[in-house]
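Survey of secondary and tertiary structure
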Amino acid sequence: SQLTGLYSSAAVLAKMILYVSTSIVVTLFPTVVASKKTNDSGKILFKSLFYGGGISLITAIGLVILKKPMILVLYGFEYINSVDYIWMLCLMIVILSLLSIIANFRLAMGHIKSLSLSIILGIILTIILTAIFHKTIYSIINIMSFVMFIVTLFNLLCELKNILQKNSVIADKL
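Please read these numbers as outputs of a predicted model, since none were measured by experiment.

**Topic: helix H5 (residues 112-132)**
Here H5 spans 30 Å end to end across 21 residues, near enough to the 30 Å set by a 1.5 Å rise per residue. Where H5 is concerned, the buried positions are Leu115, Ser118, Gly122, Thr126 and Leu129. For H5, the buried positions fall inside an angular range of 80° around the axis, keeping them on one side. Of the exposed residues in H5, those oriented more than 90 degrees away from the buried face are Lys113, Leu117, Ile127 and Ala131.

Structure, rendered in structure tokens:
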């Protein structure tokens, strides 16, 4: 349908945010694994979130500002109504890029159980909420953004707890 095409064109454009922040994610895993010996993993997480989040946010702002010209150049005038979805999709993809950074960090640290469980529960919650509240594309984007935010926040808090516990154990040994 026409609505699907509009959403799809906006989603493809918003995914640029994820592609830009992927450069941080690619280098994160081996850096974190190497940092386990030096206990610098907390600093690496914060730097990755700062730079990856910053790159994502700057790209999202650029897309929101230049949304009309980009849609016209890439897709043509028949897709101009897709600009209505871009800001929401940009927000969702910024959250996704932060989740990607945190997830890769947690995988490198070996914290797989709670990460996997939170993602599985997030998928189930998304399916349930979408089945109940699927009236518009806006509501579906809001549901996905909300669930991704909760999963991201949960994993960030779990990792902060791990970092604080690790630093407490190190301080006790000194």
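After presenting the structure, the write-up continues.
**Remarks on the layout of surface pockets**
If you add up the space inside the largest pocket, you get close to 210 Å³. Ranked by residue count, the leading element in the lining of the largest pocket is H5, at five residues. The class makeup of the residues in the lining of the largest pocket is eight nonpolar, three polar and no charged.

**Details of the pattern of salt bridges**
Scanning all chains against the criterion turns up one salt bridge. The salt bridge partner of Glu159 is Arg106, with a shortest N-O separation of 2.8 Å. Here Arg106 lies in helix H4 (residues 83-109) and Glu159 lies in helix H6 (residues 137-173), a separation of 53 residues in the sequence. On the basis of relative accessible area, Arg106 is assigned to the buried category, the value being 2%.

**A short note on helix H1 (residues 2-35)**
Because an α-helix packs 3.6 residues into every turn, residues spaced three or four apart end up facing the same way. Relative to the 50 Å expected for 34 residues at 1.5 Å per residue, H1 spans 49 Å between its end C-alpha atoms, a close match to the ideal helical length. Along H1, the helix axis deviates most sharply at Thr22, where the bend reaches about 40°.

**Quick notes on the nonpolar core**
What tends to happen in soluble globular proteins is that the nonpolar side chains get buried as a cluster. Core analysis: the largest hydrophobic core is formed by 28 residues, its most contacted members being Ile17, Tyr85, Leu89, Cys90 and Ile141. Those elements giving two or more residues to this core turn out to be H1, helix H2 (41-65), H4 and H6. The biggest single contributor to this core is H4, with eleven residues. Excluding residues within four positions of it along the chain, Cys90 makes contact with Ala14, Ile17, Ala60, Leu63 and Val64. Core analysis: the next-biggest nonpolar cluster, separate from the first, contains 13 residues, Val25, Leu49, Ala108 and Ile163 among them.

What counts and how
- Residues numbered from 1 in each chain as written.
- Predicted model: local features only at pLDDT ≥ 70, side-chain atom pairs only at ≥ 80, totals over all residues.
- Heavy atoms only, no water.
- Helix = DSSP H or I, 4+ residues; strand = E, 2+ residues; numbered from the N terminus.
- Expected span 1.5 Å × (residues − 1).
- Buried < 20%, exposed > 50% of the residue type's maximum accessible area, 1.4 Å probe, protein only.
- Arc of directions from axis to C-beta.
- 1 Å grid on protein atoms, 1.4 Å probe; cavity = no way out; pocket = protein on both sides within 12 Å on 5 of 7 lines; lining within 4 Å.
- Points joined across faces, edges and corners; volume = space filled by probe spheres on them.
- Nonpolar A, V, L, I, M, F, W, Y, C, P; charged D, E, K, R; others polar.
- Salt bridge = Lys/Arg side-chain N within 4 Å of Asp/Glu carboxyl O.
- Bend = angle between axes of the 7 residues up to and from the residue.
- Core = buried A, V, L, I, M, F, W, Y, C linked by side-chain atoms within 4.5 Å.
- Contact = heavy atoms within 4.5 Å.

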